[in-house]
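Structural overview
Letter by letter, the chains look like this.
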Amino acid sequence: MAGAGGGGCPAGGNDFQWCFSQVKGAIDEDVAEADIISTVEFNYSGDLLATGDKGGRVVIFQREQENKSRPHSRGEYNVYSTFQSHEPEFDYLKSLEIEEKINKIRWLPQQNAAHFLLSTNDKTIKLWKISERDKRAEGYNLKDEDGRLRDPFRITALRVPILKPMDLMVEASPRRIFANAHTYHINSISVNSDHETYLSADDLRINLWHLEITDRSFNIVDIKPANMEELTEVITAAEFHPHQCNVFVYSSSKGTIRLCDMRSSALCDRHSKFFEEPEDPSSRSFFSEIISSISDVKFSHSGRYMMSRDYLSVKVWDLNMESRPLETHQVHEYLRSKLCSLYENDCIFDKFECCWNGSDSAIMTGSYNNFFRMFDRDTRRDVTLEASRESSKPRASLKPRKVCTGGKRKKDEISVDSLDFNKKILHTAWHPADSVIAVAATNNLYIFQDKIN
Amino acid sequence: MLSKGLKRKREEEEEKESLAVDALWLDPGHAAVAQAPPTAASSSLFDLSVIKLHHSLQQSEPDLRHLVLVVNTLRRIQASMAPAAALPPVPSPPAAPSMADNLLASSDAALSASMASLLEDLSHIEGLSQAPQPLADEGPPGRSIGGVAPSLGALDLLGPATGCLLDDGLEGLFEDIDTSMYDNELWAPASEGLKPGPEDGPGKEEAPELDEAELDYLMDVLVGTQALERPPGPGR
């Protein structure tokens, strides 16, 4: 695998070696519900890494410039800004509490010195501006240094205010609030390649917004049946194509992906392409539909492929082939025999996300027991790694993990029954260019880097 | 609420049954439903699914995805259990198959009714709270009315400002409540034993064959959803 992208095998045959870099978050045994990380996202350059949590807070980390005196230590991520994005709300009409949990964060491409991101909870999307202030003006004519207004008649001379340096201050301010457009829970937001519009998707509808306009949105997909008794399918994820501003996809709870072209009609209820893998009759069970439900869909950076995550596998699709996926990677096939108990404890409904590396040569997704999986598409190799405090020594290499399914458990293997299903890695992110990954394990954010670089 | 203690016990039984079912599913050679699963397993899964549906419906705002997936799974299980209803009752376990079938028959109607009325309720409430969707007369057309199903169009075009929708919505909220259930002595606490009631509830025909615990459980499902549908009083 060539190129600067991470996670695979360069021409020399050396495997990438993932090493612990940093961990953010408290070490306490008792994790506060509000601190559970619910979304992770790098910005377009990878210099900023944002996390959202169940308490409605957003924490942004910034990568430090590389230190020439310590060439082996790549730029570390340190806290850049923290702010409360969403507060718990009460819908008085329905007598319902609206959770403040941040479901998704999406960055806008940077156009000036400030950074912009969209964050959303179940009902409301907000556009945040994060800007730096490292200078302030001194020597105003009409007010004192402490802000008190001067009497204009007392002023005898005029001066030009001078800009003086001050300690860096990072301010986050809400610039737009996009509310009241979703009856059901928002599961996805996606910024369009035109950088002017974005979509938001809930269980039954997808809306198109203009970033400047908050009191209007256009409904582009509506799968709500006329009679709610007939409801059998919901929208689970949606994303715009990275280059074609008229194309987007959305996935469903029945394991289907629909690609829509906004040029063909205003209401995209009829898809342009329909991606579904036929069910394998030999593995059919009561839980077939639940495990086929797609929890995440992501276009590759190139825009030629897309990836879908269902409960047990990750599938890579060629946009030109609707009948079946190009590749299917098993994430934790050993759980197939456990579906009944996973149904009982509701783990079968967990929604795992997936992500591509910068060069689209590798993909990553999470699992249980704080395991996460990486698949190299070129070499067809895969690895299971663990995000744990035990392997958190600086620059320590991560040891591949293995789950034992059969009878005899080898040393260092872990048996399926010993897996901790409360330790789920649902959210992962890959730096857009470098071999740096961010893995959210409950309330901790782990950052791993590749040793070779 | 009725017979919380009995209900809890039933849930414990469910866990035990589920563990047994788990052992069944753990067998790697067990190719899912390629062969018809034993009735006990299906019945246990069915009960588990009913419990899940019940819990889901009890949420103030149910997770629609979870709800839809559980309902669809329930339908699958029902479909696989249906053939068993045609067979004569198997000697052992003695009354299990017929009880399961009766529970199926009564539960299905009750479930469908509960599910349907809840989802209808959701859509009525949505009609009340939805901000008016603007017709796109400027910029790129957002939606053409002609291409939309009339009912959807009506819901989206009419906002809360329109009096008639509000009236319909309120009526819709009230119309599902069937107070006859509360008059039915059949739903008395188990300790008083079963008495034939004057009203007909959905499960009345099967009453003599239904277990007390199962009746109570069914009652909880129905009352749970009815409580959910009951709107806040006018004073709020």
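Since this is a predicted model, take the numbers as computed values, not measurements. Every chain is numbered independently, its residues counted from 1 as its sequence is written. Just so you know, chain letters begin at A and ligand numbers begin at 1, following the order they were written in. For this predicted model, a pLDDT threshold of at least 70 governs which residues receive local features, and a threshold of 80 or more governs which side-chain atom pairs are given and counted, while totals over whole chains, interfaces and linings are taken from all residues. As a rule here, side-chain values come from all non-hydrogen atoms in the structure, and water together with hydrogens is ignored.

Residue and element names in this part refer to chain A. One non-glycine residue, Asp360, adopts positive backbone phi at about 65 degrees. On the secondary structure map, Asp360 appears in the loop between strand S24 (354-356) and strand S25 (362-366). Despite not being glycine, Arg380 has its phi angle at roughly 65 degrees, a positive value. The helix and strand labels rest on DSSP assignments: H or I over at least four residues marks a helix, E over at least two residues marks a strand, and numbering proceeds from the N terminus.

Moving on: the confidence of the model for chain B. Residues and elements named next belong to chain B. On a range of 0 to 100, pLDDT expresses the predictor's confidence in each residue. In the predicted model, chain B carries a mean pLDDT of 54, and 22% of its residues have values of at least 70. Across chain B, the secondary-structure element scoring lowest on mean pLDDT is helix H5 (residues 150-157), at 32, and the one scoring highest is helix H2 (residues 39-58), at 88. Between two residues, a contact is recorded if the distance between any of their heavy atoms is within 4.5 Å. Counting contacts from residues 1-37, a segment whose pLDDT is below 50, to residues more than four positions away or on other chains yields 53 contacts. The low-confidence segment residues 125-169, where pLDDT is below 50, has 62 contacts with residues more than four positions distant or belonging to other chains. Per the prediction output, this complex has pTM 0.72; the corresponding ipTM is 0.90.

All names here are of chain A. Following DSSP output, two strands are said to pair if at least two bridges run between them. Strand order in the open sheet formed by four strands is S12-S13-S14-S15, and the pairing between neighbours is antiparallel. Both outer strands of the open sheet, strand S12 (188-191) and strand S15 (218-222), are each paired with one neighbouring strand and no more. Going from strand to strand, the sheet's axes swing by 20 degrees on average, the running direction of each strand aside. Relative to S15, strand S14 (residues 205-210) is paired through four bridges, and the arrangement is antiparallel. Across the sheet, residue Arg205 finds its bridge partner in S15, namely Asp222. Whenever a helix is involved, its axis is fitted only over the stretch in contact; in every case the axis is a line through C-alpha atoms, and angles between N-to-C directions fall within 0 to 180 degrees.

Before going further, it helps to spend a moment on the pattern of salt bridges. Residues and elements named next belong to chain A. Note on definitions: salt bridges are taken to be side-chain nitrogens of Lys or Arg within 4 Å of carboxyl oxygens of Asp or Glu. Applying the stated criterion across every chain, the model contains 31 salt bridges over all chains. With a closest N to O distance of 3.3 Å, Glu171 and Arg133 form a salt bridge. Of this pair, Glu171 sits in strand S11 (residues 162-178) while Arg133 sits in strand S10 (residues 125-138), and the two are 38 residues apart along the sequence. Relative accessible area decides the class of each residue, using a 1.4 Å probe on protein chains only: under 20% of the type maximum gives buried, over 50% gives exposed, and in between gives partly exposed. Arg133 gets classed as partly exposed once you look at its relative accessible area, which sits at 38%. Across the pair Arg284 and Glu279 runs a salt bridge, and its minimum N-O distance is 3.5 Å. Residue Arg284 is classed as partly exposed on the basis of its relative accessible area, which comes to 40%. Accessibility expressed as a relative area gives 41% for Glu279, which makes it partly exposed. What you see here is one network of salt bridges that share partners, running through Asp35, Asp53 and Arg57.

This part is about the environment of A:Leu127. All names here are of chain A. Among the secondary structure elements, Leu127 is positioned in strand S10. It is 8.1 Å that separates the C-alpha atoms of Leu127 and Leu211, two residues lying 84 residues apart in sequence. Filtering out sequence-adjacent residues up to four positions away, Leu127 remains in contact with Leu108, Phe116, Leu117, Leu118, Ser173, Pro174, Arg175, Arg176, Phe178 and Leu211.

Let us look at the side chain of A:His329. Residues and elements named next belong to chain A. Topologically, His329 is positioned in strand S23 (residues 327-330). Look at His329 and you get buried, because its relative accessible area is 10%. If near-sequence neighbours (up to four positions away) are discounted, His329 is found in contact with Leu312, Ser313, Val314, Val316, Ile363 and Phe375.

With that settled, consider the sheet that holds strand S16 (residues 235-240) of chain A. All names here are of chain A. As summarised here, the arrangement of the four strands in space is S16-S17-S18-S19, forming an open sheet in which the pairing is antiparallel. On the outer flanks of this sheet lie S16 and strand S19 (273-275), each paired with one strand and no other. In this sheet, neighbouring strand axes are inclined to one another by 20 degrees on average, regardless of whether the strands run parallel or antiparallel.

On to the packing of aromatic side chains, then. All names here are of chain A. Pairs were defined over the aromatic rings of Phe, Tyr and Trp, the Trp ring being its six-membered one, requiring ring centres within 6.5 Å. Orientation was assigned from the angle between planes: stacked under 30 degrees, edge-to-face over 60, tilted for the rest. Tallied over the entire structure, the rule returns 18 aromatic pairs over all chains. With a centroid separation of 4.4 Å and an interplanar angle of 40 degrees, the aromatic rings of Phe83 and Trp128 are classed as tilted. Of the two residues, Phe83 sits in strand S5 (residues 77-84) while Trp128 sits in strand S10, which places them 45 residues apart along the sequence. Each member of the pair, Phe83 as well as Trp128, carries the same accessibility label: buried. Each ring, one from Phe372 and one from Phe448, has its centre 5.6 Å from the other, and the planes form 25 degrees; the classification is stacked. A residue pair is termed long-range when its members are at least 10 positions apart, and Phe372 in strand S26 (residues 371-376) and Phe448 in strand S32 (residues 444-450) qualify at 76 residues. For the pair formed by Phe372 and Phe448, the shared burial category is buried. Of the aromatic side chains, those joined through ring pairs into one cluster are Phe20, Phe372, Tyr446 and Phe448. The cationic tip of Lys143 hangs over the ring face of Tyr140; the distance from NZ or CZ to the ring centre is 4.6 Å. Its guanidinium or amino end placed over the ring of Tyr305, Arg377 lies 4.9 Å from that ring's centre, counting from NZ or CZ. Any Lys NZ or Arg CZ found within 6 Å of a ring centre and within 35 degrees of that ring's normal is scored as a charge over the ring.

Here the focus is the nonpolar core. Core analysis: the biggest nonpolar cluster contains 47 residues, and A:Tyr311, A:Leu335, A:Tyr343 and A:Ile348 have the highest contact counts within it. Those elements that provide at least two residues to this core are helix H1 (288-292) and helix H2 (339-344) of chain A together with H2, helix H3 (64-86) and helix H8 (212-229) of chain B. Here, nonpolar core means buried Ala, Val, Leu, Ile, Met, Phe, Trp, Tyr and Cys residues that are tied together by side-chain atoms lying within 4.5 Å of each other. If you look at the next biggest cluster of nonpolar residues, it comprises 18 residues, including A:Phe20, A:Cys355, A:Ile425 and A:Val439.

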